[in-house]
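Geometric and topological summary
Chain by chain, the residues:
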Protein chains: 2
Amino acid sequence: MEKLVFLFREGNAKMKNILGGKGANLAEMTLAGLPVPPGFTISTAACHGYFEAGDRLPAGLEQQMSEALAELERMKGQLFGDPRNPLLISVRSGSVTSMPGMMDTILNLGMNDETVAGLASRTDDWRFAYDCYRRLIQMFGNVVFGIESHDFELLLRKMKQETGASQDQDVSAEGWQRLIEQYKQCYMKRAGRPFPQDVHEQLRLAVEAVFKSWNNPRAKVYRKVNRIPDNQGTAVNIQSMVYGNKGDDSGTGVLFTRNPSTGENHLFGEYLVNAQGEDVVAGVRTPLPIEVMRTAMPALFEQLSQVAKQLEDHYRDMQDIEFTVEAGRLYMLQTRNGKRTAQAALRIAAELVREGKITKEEAVSRIEMSHLDQLLHRGLQDNGDLQVMAAGLPASPGAAAGILVFDADAASEMSRSGKRVILARPETTPEDIHGLLGAEGVLTSRGGMTSHAAVVARGMGKPCVCGCEAIRILPEEKRMETDQITVREGEWVTLDGTTGRVIIGEAALREAEMTEELKAILQWADEIRTLKVYANADNPADAQAARQYGAQGIGLCRTEHMFFAPERLTVVQQMILASSPEERKAALEKLLPMQQEDFEGIFRAMDGLPVTIRLLDPPLHEFLPSEQELGERLAELGEASQDGTGRERQLVAQMLRKVRELHEVNPMLGQRGCRLGIVYPEIYDMQVEAIVQASLRCQATGITVHPEIMIPLVGHANELKMLRESVEQVAAKVIERAGQPDRAPIHYTVGTMIEVPRAALTAKQIAAHADFFSFGTNDLTQMTFGYSRDDAENKFLAHYVDQKLLPHNPFQVLDADGVGQLIELAVNSARAAKPSLKTGICGEHGGDKESIFFCYQVGLDYVSCSPYRIPLARIAAAQAYIALGAPDGQRERLEINRTA
Amino acid sequence: MEKLVFLFREGNAKMKNILGGKGANLAEMTLAGLPVPPGFTISTAACHGYFEAGDRLPAGLEQQMSEALAELERMKGQLFGDPRNPLLISVRSGSVTSMPGMMDTILNLGMNDETVAGLASRTDDWRFAYDCYRRLIQMFGNVVFGIESHDFELLLRKMKQETGASQDQDVSAEGWQRLIEQYKQCYMKRAGRPFPQDVHEQLRLAVEAVFKSWNNPRAKVYRKVNRIPDNQGTAVNIQSMVYGNKGDDSGTGVLFTRNPSTGENHLFGEYLVNAQGEDVVAGVRTPLPIEVMRTAMPALFEQLSQVAKQLEDHYRDMQDIEFTVEAGRLYMLQTRNGKRTAQAALRIAAELVREGKITKEEAVSRIEMSHLDQLLHRGLQDNGDLQVMAAGLPASPGAAAGILVFDADAASEMSRSGKRVILARPETTPEDIHGLLGAEGVLTSRGGMTSHAAVVARGMGKPCVCGCEAIRILPEEKRMETDQITVREGEWVTLDGTTGRVIIGEAALREAEMTEELKAILQWADEIRTLKVYANADNPADAQAARQYGAQGIGLCRTEHMFFAPERLTVVQQMILASSPEERKAALEKLLPMQQEDFEGIFRAMDGLPVTIRLLDPPLHEFLPSEQELGERLAELGEASQDGTGRERQLVAQMLRKVRELHEVNPMLGQRGCRLGIVYPEIYDMQVEAIVQASLRCQATGITVHPEIMIPLVGHANELKMLRESVEQVAAKVIERAGQPDRAPIHYTVGTMIEVPRAALTAKQIAAHADFFSFGTNDLTQMTFGYSRDDAENKFLAHYVDQKLLPHNPFQVLDADGVGQLIELAVNSARAAKPSLKTGICGEHGGDKESIFFCYQVGLDYVSCSPYRIPLARIAAAQAYIALGAPDGQRERLEINRTA
């Protein structure tokens, strides 16, 4: 028969999957000789068995529990249910992954109308015994039968009023005794059955209640949020009771081995004299700082300090310890790795390394991504006295304050004159890009986590609150309002992109912290990892930021963002409206110096590092106003006098015709990417010319350039073959024209994004024409799933994740089974054909930990992400190496690439 | 050294790839002892060598040609260039695949100012010799230097006028001699060099000209249209001349061994006395029917008949033979399988089987898809006296005549009252479906080969002319017009969907022919093939048609088409506008009996055969009017008085809100397919209820039903798992409610379309919940390539096919490398997990020959196509079996499926 019950001395810390975290730690502490009240653990396998058997205790469990209980009785010299000297126990849940506050606890189990007398006579304290009994009825009723604690509290308050007791301590034994009768009546009424006097029935019901609580709504939500598998189950810990409420030489407390807020290396905690654990939590009395104990109970403090040190050394991490002192004797009830703030986490990890307690690898492994997210963005200094106007979606983390403006031009102008502004729009479009650039933060009333504003803001590392529907944003009237409040242009507001709050006035902010500890840990991560980290950066400023954050290159420089600046957009539109290749070329010639200038700036910022430039990708209609907008403008002009507006009318009419001509049913799958480059070769020719000229100019000033020209949306090898030939022709022409044969030649490479499923499937053929592959996992996810991200995320996809049809949103966490399979297939078949091929990823997944692990596992050379996620990616890449080891041939292959 | 030159006696018919079709046949005829003028063939390898060497004759070729020429001189007892008894030769191209009229021929090569005298003295005919010489100059100048024939013809005409000759025969030797001088001057002027007197130079230039002609524009276009690989190359045939123009006992002719129009088994052909081959082609004199020869030259006719029989028996197919009689002696110049009409092709194939000359397999293999296309559609009886108004795209083959109407309602009503109508619209939408159903044919002025009208018409087997931009269709004014002609509602028009012509008036039509021969061949095909052929059919009438054409089941019944009938559409719209599941259920309850009735009709038509019903697939907004339409209607109603229009206004406003809410950026990748079924479970529940109830009712009347319920657009196994559970629950409930436990149970299966790349990639997991897979290759192609069909086909895709970036339009011919790879991967991984899984294809590729071959090759169980393409698919499936053999385990696995 399977062993389902383990005495504490039979287990150890490694048995967490079977014993749960708490049970494994109690076993480990017992093994280490610490003073732990004896007990046993019912395994998670028993929990599985309970659900499999249709909510019934699995065969053999009761027998094993009896045997363990008998051993407990032997160790304590007490009998469970014995009216003279009863064994009392606690029952607690203990899941594999820590789920604080999610599961319930019952203390004092084993009390009934008879054993209460036994406890009273043994302790010589009727008041204490009745108090324990009434606590059991309350907790048991609440946990096992769902009776509201409130019902019991009301009775307690009433009794205290009647007896004139102001605090629990003032209640007499008789008071508690009377209350017990009232509790029993309440119990009978709510549960429909009397409180069980049979202590074994108490135990059975309590164990079942712990099992059932695995599926209570709070627990389910917590698991969903924290991605804990539903089938993990919980263990149950049965432990003999010790009492901190037995007098003034008793007490209970919580202790952290280091400060969980700051990370400082000193004991940190609180204790209460003459109290049980729940009194600390309930906040009825104010606990004392642990430091007080040093003078009040010096011997105990010394013992506690030693135990704390022993536990930290044993677990090699800061511990969160629960202890009880019963009549001057110290008992350890629990220890676990302590929760900590972001700042503390880094400091503790770094100091443990310096103290020689853990390795750099361990320090790096312990860093949580959410901590980095906090540290790397500005936040509100104080959450207290804020006038919150409304809350929207927390679309891009960090906080910012500024003067409210309602259009992109104003945002851009005011920011140039040195003012800090917040841009508020019903929604943003690519034409607002200069406004987003100028603003400190962005607020929209429409659009989700992946709306234009959200995506761009995240890319820029700026706070953004999206889809804040409670606020009506009225740009024409230069104000925004809720039913209660109106804010006008020029007034101060603060956005908290981490929580989604819109705050009136200028709130105080704390700066993002690139602490010494963080720098040290990033440094260690860099020493460990083999996966490179590149940045997605579209302009010199982003490139500079990326480099500061540690980017080893640019993995994606989108050239279209350069087209949206107002003075350029007009030229881009001329290019689109051109009726012949010649006209188009004329417009493109005007764009060329502008693009070239951008490239020069980026090359300078990335001196010595590779810069991957993607040629134009979006469909051309994105550069024109909408059909509706043009229609309305045309209608206006129609009514106005013909003279002055004749030329504008003509232009608007021409644009409208073009917009209609370019209209596509599914623009995602339409004429974009290399399809544009093939149909209008002049566009890519101009871009290549700009890249090569910029390279030549930078090189002439001593900058080392490594341009990598990336062709988007290739689906067939012939597309890349044809475009590669064009690139090489144009580049050769430009280099020849420059005519400096004595100079070092420009070394550029040509590669492609793999973002169409067919490209992944035919990677071998495509690799023949490519120096590198960059997996564009945003589009690859869209096409592999057949999801339009714009349409899916706010509609059925949310429903899918809610209903657990999908484990995650595949745009946030790379779908290993489907999209990942394509990536793996492509990498393997392409490498077999061309071992020197460089591979990376440049979708948003490049900044997600799980996805980075996947990229490392399939052997990519780099991930590329937004500059502000680079520290995160550096840590994750190191964690991947630590967790997965060096894949076969990985280091060797990377060496080949380095020398290539 | 590679052998590049082959004497006719060194080759045979199997060496077609090396010798070209003509060369291989000349060799085969020589081997068979037929009277072929001796000669040799320069191989296609020499042609490749020529292009590889940069348009230079490859090494060794001239040496090998000299040797072959020496052998020719020996056989003929003449010397090439000998002034006394010159050897004269013809030079002709001969590609591997027959390319009639594409390549050029030079006769009489070897003539010059000296050899002309030798020919004259040997034949004792100066007139003949000069005539031969002037022909050489003309042909050589034309073929080698591109001198327009017209230039020479002008000189000939002038000379005839001057000498008073009315026909070529009237021209004297002196006349020809004078013309030769003029020809030489013309040659010098146009070519910039004199006509070469060196006969070896003539030969070399001629051979090069043949090679070069492989890349002339006509040849390139022909290859593209007929999908002949560009790198196949052409051979060159050098043959000693024989002369049909040596007097009245000479002549030349063309002979078919059977009638190429009707297929009747008698000699068919024409001949000209005293003429050379090109005279027949030039049409200067009218040739005589071959029958005349029987009395005019009985001995020769007898010999010719025997040779014809011998050749047909040898090649086991109807032959197209060229012959020449020189001074009473018969020479065979060429034989090849004769081109024939559709009707003749079937008759000849069937009769050859009956005559025991070929097997049924061979007969089936020879059927061309284009022939079936012709036979299976109505056509115009006569192409003569037609008043063509304009021509558009030939979007759906066949011809139809009817009264012109301009809206779907009118088309539907008039057809119900027994009138034949043609529906003309600027374009059609799903709401016009009842009009398309009623009309004989459809004309649109906008939209391409894959517009709504085109796709629906092809599915219904109705003629359709699309994108006829020359005609302005004005539904409001109930007329259509070109600049010249106006046609009004009620007038007769005829559409020819095979050519795209719009004809005024009622043209006479010939019916589609399901001839006895076709039936016999289809019967043979059914005996051979193992791949099943199902039909795509959405209503009882289509199901009936499908069964008549030999469908073995329905592979795709789209339930949404049932929603578009006007009386149903209103209810569907109520369903969509419902604000709660209850309201939605109420509307669905009204739809249920309608769907059920349709299913009953289909089950009856398919008694005993499987019917695969796809649950609702399109996005809901397809059932609502467009935003523009609603906006305009709202504006109209706004101006009208509020009283009468209040309710309509409310409804329109409600629809407009819903349309905006449902708007999607990329509807192809949005909330459709099973995503609808998951978010609105009531819809699928209703459909399943209708299917099961219809099954029960049909079964009660003795019909055998095999419903196969198909869930569309699955991308993750969980989707199918969840929906399969719902299907089973609803079905069980309906069956229980029917409460006839003694009756035979309903056997239904549940499967899915594989049309999302991820579904193919995770086929193994999905197969766990599926009884069958049906590959929806339309959508699978869209997503695998990232092409929106609506946007691609008229834009970049046409450019891609033109530029040969893609070998075919992947929506017409299945892309084996990409989409096919996914299908193969899915079939293999799913079958490994579930060997009993039934697999098929239901995209438009199911009716394309190459795609059917692919489906057979990867081991699918069936293809499903439009009813009107079923005969074609039956033949193609048999051809696949013949060409590829039985795949391992294929028959065995099919047996398993049959018993399942």
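Up top is the structure.
Computed from a predicted structure; not experimentally measured.

Thresholds, definitions, all that
Residues numbered from 1 in each chain as written. Chains lettered and ligands numbered in written order. Predicted model: local features only at pLDDT ≥ 70, side-chain atom pairs only at ≥ 80, totals over all residues. Heavy atoms only, no water. Core = buried A, V, L, I, M, F, W, Y, C linked by side-chain atoms within 4.5 Å. Buried < 20%, exposed > 50% of the residue type's maximum accessible area, 1.4 Å probe, protein only. Contact = heavy atoms within 4.5 Å. Buried area = accessible area lost by both parts, 1.4 Å probe. Salt bridge = Lys/Arg side-chain N within 4 Å of Asp/Glu carboxyl O. Polar contact = N/O pair within 3.5 Å; in protein donor to acceptor, adjacent residues only side chain to side chain. Helix = DSSP H or I, 4+ residues; strand = E, 2+ residues; numbered from the N terminus. Nonpolar A, V, L, I, M, F, W, Y, C, P; charged D, E, K, R; others polar. Least-squares fit on C-alpha atoms with pLDDT ≥ 70 in both. Axes fitted to C-alpha atoms, helices over the stretch in contact; angles between N-to-C directions. Parallel < 35°, antiparallel > 145°, perpendicular 65-115°, else oblique. Left-handed = near helix turned anticlockwise from the far one by under 90°. Pairing = 2+ DSSP bridges.

**Things to note about the nonpolar core**
- Formed by 338 residues in total, the largest nonpolar core has its most connected members in Phe773 and Phe775 of chain A together with Ile711, Phe773 and Phe775 of chain B.
- Excluding its chain neighbours within four sequence positions, the residues that come into contact with phenylalanine 773 of chain A are Thr752, Ile754, Ala763, Ile766, Ala767, Ala826, Ala830, Leu837, Lys838, Thr839, Gly840 and Tyr862 of chain A.

**Some remarks on the interface of chain A and chain B**
- On the side of chain B, 48 residues touch chain A, which itself brings 48 residues to the contact.
- Interface area for chain A against chain B, summed over the two sides, is near 4,100 Å², with a carbon-plus-sulfur share of 57%.
- Looking at the side of chain A facing chain B, the largest losses of area belong to Leu669, Arg758 and Leu805 of chain A, adding up to 15% of the total buried there.
- Taken together, the links from chain A to chain B amount to two salt bridges.
- Notably, a salt bridge pairs arginine 758 of chain B with aspartate 815 of chain A, separated by 2.7 Å at the nearest N-O pair.
- At the junction of chain A with chain B, the criterion picks out 24 residue pairs in polar contact (both at pLDDT 80 or more).
- Breaking the side of chain A that touches chain B down by element, the ones donating at least two residues are α24 (642–662), α25 (674–679), α27 (717–738), α28 (757–761), α30 (777–785), α31 (789–792), α32 (796–802) and α33 (816–833) of chain A.
- Residue composition of the side of chain A that touches chain B, grouped by class: 22 nonpolar, 15 polar and 11 charged.

**Considering the relation of the copies chain A and chain B**
- For the pair chain A and chain B, the best superposition has an RMSD of 0.1 Å and corresponds to a rotation of 180° with a translation of 0.0 Å parallel to the axis. Taken together, these values place the two copies in the relation of a two-fold axis. Closest approach to the rotation axis within chain A is made by the C-alpha atom of asparagine 666 of chain A, at a distance of 2.2 Å.
- The overlap is high: 100% of the interface residues of chain A also sit at the interface in chain B, so the same surface is used on both sides.

**Points about the packing of helix α1 (residues 16–31) of chain B against helix α12 (residues 298–315) of chain B**
All names here are of chain B.
- Viewed as axis vectors pointing N to C, α1 and α12 meet at an angle of 115°, and their least axial separation amounts to 12 Å. With respect to their mutual orientation, α1 and α12 come out roughly perpendicular. In this structure, the crossing between α1 and α12 has a hand that is right-handed. Contacts between α1 and α12 involve Asn25, Glu28 and Met29 from the first element and Leu311, His314 and Tyr315 from the second.
- Broken down by class, the residue content of the contact of α1 with α12 amounts to three nonpolar, two polar and one charged.

**Some words on the pattern of salt bridges**
- One pass over the structure, following the stated rule, counts 126 salt bridges over all chains.
- Across the pair glutamate 506 of chain A and arginine 420 of chain A runs a salt bridge, and its minimum N-O distance is 3.1 Å. Here arginine 420 of chain A lies in the loop between α16 (408–416) and β17 (421–425) and glutamate 506 of chain A lies in the loop between β24 (501–504) and β25 (509–510), a separation of 86 residues in the sequence.
- The partner of glutamate 689 of chain B in a salt bridge is arginine 737 of chain B, with the nearest N and O atoms 3.1 Å apart. With glutamate 689 of chain B in helix α26 (residues 681–700) and arginine 737 of chain B in helix α27 (residues 717–738), this pair connects stretches of sequence that are 48 residues apart.
- Judged by relative accessible area, arginine 737 of chain B falls into the exposed class, the value being 54%.
- A single salt-bridge network, built from bridges that share partners, covers Arg258, Lys309, Glu312, Asp313, Arg347, Glu351, Glu355 and Lys357 of chain A.

**Remarks on the sheet that holds strand β19 (residues 479–481) of chain B**
Residue and element names in this part refer to chain B.
- Read across the open sheet, the three strands follow the order β18-β19-β20; overall the sheet is antiparallel. A strand with exactly one partner marks an edge of an open sheet, and here the two such strands are β18 (472–474) and β20 (486–488). In this sheet, neighbouring strand axes are inclined to one another by 15° on average, regardless of whether the strands run parallel or antiparallel.
- As paired elements, β19 and β20 share three bridges and run antiparallel to each other.

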